[in-house]
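Residue strings, one per chain:
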Amino acid sequence: MEETWESLFKKQAVKKKHSDEYINECMQYAFHLHEKNLPVIFDINHLSEYWNLDIDLIKSIIECPPRYYAEYDIRKKSGGTRHLCAPHQVLKYIQRWIYHNILLKDITISEHVHGFIPKDQFDSKRTILSNAQAHEKCKWLINMDLKDFFNTIKQERVKKYFLSIGYTEDICELLAKLCTLHYRLPQGAPTSPTLSNLIAREMDKELECLCAKNHWCYTRYADDLTFSGIYIDETPSINELEKIIIQNGFLVNRQKTKFRLRGNCQMVTGLTVTHGVFVPKKYRKEVWKELYCCKKFTPYAHCQYRYPDKGFYKDWLKGRIMFIRSIDPACGNKMLDAFNQLKWVL
């Protein structure tokens, strides 16, 4: 007869002369985690076995996380800089394990959230396109932006999340420290996007309830919140929306809050939604202009004249075309044909 994990655990526990009370507590703890398809973790020694890493190395990461990150700033298209924190290889390995074996097992993320959702986690594909389609042909639209989204989520909130799914206080402390830097979620860690969604779900739930009650539509893509409706005389109070957001521990970047009526340019995560969902005309015209100049002057000559310091121009241009193709296949395919006909020597 094949032994179960329960019988194997009891056998080892009895062998080590643990009390019946201790064995029952451990069994109950393990049972609840097994029910959720989560890995059973008792202590740091157990974690080291999962990861096949030396305990002293894990302790070193926990005691001094900054030593295991590369921090740098990159320029944002909208101006200013974005601070990124890239974990070193060993920490990235640990975070990916946490992501795949713990975070992805939690499927309680709202259906109104479209950012940072793995393709295979839900039946439908959630992207910037699905996020925009929810607001297609609306009469009014409100765009809101959460300020310092990842940075707002502190280590204590990450610990509370791990507690909520059934891990012990000590294990939650360890997992929270392995997922945070400077006591906050770092932008660049594999665990941060999904943790942010899981921690923001209470806010999502409250905003969804408010919108459902008033027949409004709500979606969130990372730190971009969008509200829309079909009745002009029934629009939400910006202050009421802000109140819910702030009560849930997040901040609003008021400079990016926009209210647009139908007839104005209504944009959702970079796509226009006024007359169907499209890539903005200006963006498409810029790509066509690049293709025209490449054909007229050759890609090499055009790149040398227009972008002397730009590397990987071919990949950059193709990336833009593929983005358009993902939203508007007909237009994107025409651009791709023109792109493939160019004489690339870069």
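The structure this text deals with has already been given above.
Now for a description of the structure that goes with this document. (Residues numbered from 1 in each chain as written. Predicted model: local features only at pLDDT ≥ 70, side-chain atom pairs only at ≥ 80, totals over all residues. Heavy atoms only, no water.)

**Here we look at the packing of aromatic side chains**
Moving on, step 1. Per the stated rule, a full pass over the model turns up 16 aromatic pairs.
Moving on, step 2. Between F116 and F150, the ring centres sit 6.1 Å apart and the planes meet at 40°, which makes this aromatic pair tilted. Of the two residues, F116 sits in the loop between α5 (89–101) and α6 (128–133) while F150 sits in helix α7 (residues 149–152), which places them 34 residues apart along the sequence.
Moving on, step 3. Taken together through their ring pairs, the aromatic side chains of Y307, Y313, W316, F339 and W344 make up a single cluster.
Moving on, step 4. The residue whose ring lies beneath R157 is F250, and the NZ or CZ to ring-centre distance is 4.8 Å. (Phe/Tyr/Trp six-rings, centres within 6.5 Å; stacked < 30°, edge-to-face > 60°. Helix = DSSP H or I, 4+ residues; strand = E, 2+ residues; numbered from the N terminus. Lys NZ or Arg CZ within 6 Å of the ring centre and 35° of its normal.)

**Thoughts on the environment of F250**
Moving on, step 1. Along the chain, F250 falls in the loop between α12 (238–247) and β6 (258–261).
Moving on, step 2. Discounting chain neighbours no more than four positions away, the residues touching F250 are L146, F149, T152, I153, R157, A200, M203 and I245. (Contact = heavy atoms within 4.5 Å.)

**Some remarks on the pattern of salt bridges**
Moving on, step 1. Inspection of every chain in the model, using the stated rule, returns nine salt bridges.
Moving on, step 2. Between K205 and E202 there is a salt bridge, and its shortest N-O distance comes to 3.5 Å. Here the residue K205 and the residue E202 both occupy positions in helix α11 (residues 201–214), the gap between them amounting to three residues, near one helical turn.
Moving on, step 3. The residue E242 makes a salt bridge to R254 at a minimum N-O spacing of 2.9 Å. Highlighted residues: E242 in helix α12 and R254 in the loop between α12 and β6, separated in sequence by 12 residues.
Moving on, step 4. Its relative accessible area of 58% is what places R254 among the exposed residues. (Salt bridge = Lys/Arg side-chain N within 4 Å of Asp/Glu carboxyl O. Buried < 20%, exposed > 50% of the residue type's maximum accessible area, 1.4 Å probe, protein only.)

**Notes on the sheet that holds β6**
In a beta sheet, neighbouring strands are held together by backbone hydrogen bonds and run either parallel or antiparallel to one another.
Moving on, step 1. Read across the open sheet, the four strands follow the order β4-β5-β3-β6; overall the sheet is antiparallel. The open sheet has two edge strands with one neighbour each: β4 (217–221) and β6. In this sheet, adjacent strand axes meet at a mean angle of 15° when their direction is disregarded.
Moving on, step 2. Relative to strand β5 (residues 224–229), strand β3 (residues 140–145) runs antiparallel, the two being bridged by six bridges. Residue pairing in the sheet places N143 in a bridge with T226 of β5.
Moving on, step 3. Along the sheet, α11 makes contact with β4 and β5, crossing β4 at roughly 160°.
Moving on, step 4. Here α12 sits on the sheet in contact with β3 and β5, set at roughly 35° to β3. (Pairing = 2+ DSSP bridges. Axes fitted to C-alpha atoms, helices over the stretch in contact; angles between N-to-C directions.)

**Notes on the pairing of β3**
Moving on, step 1. Most of β3 sits out of view: six of its six residues are buried.
Moving on, step 2. Covered by surrounding structure in β3 are W140, I142 and M144 together with L141, N143 and D145, the residues of both alternating faces.
Moving on, step 3. Here β3 pairs with β6 via four bridges, running antiparallel. Looking across to β6, one finds that W140 is bridged to L261.

**Looking at α11**
Moving on, step 1. Along its 14 residues, α11 runs 20 Å from first to last C-alpha, staying within 8% of the 20 Å computed at 1.5 Å per residue.
Moving on, step 2. Those residues of α11 that sit buried are R201, M203, D204, L207, E208, L210 and C211.
Moving on, step 3. Looking at the packing, one finds that the buried side of α11 touches α8 (155–164), α10 (192–199), β4, β5 and α12. (Expected span 1.5 Å × (residues − 1).)

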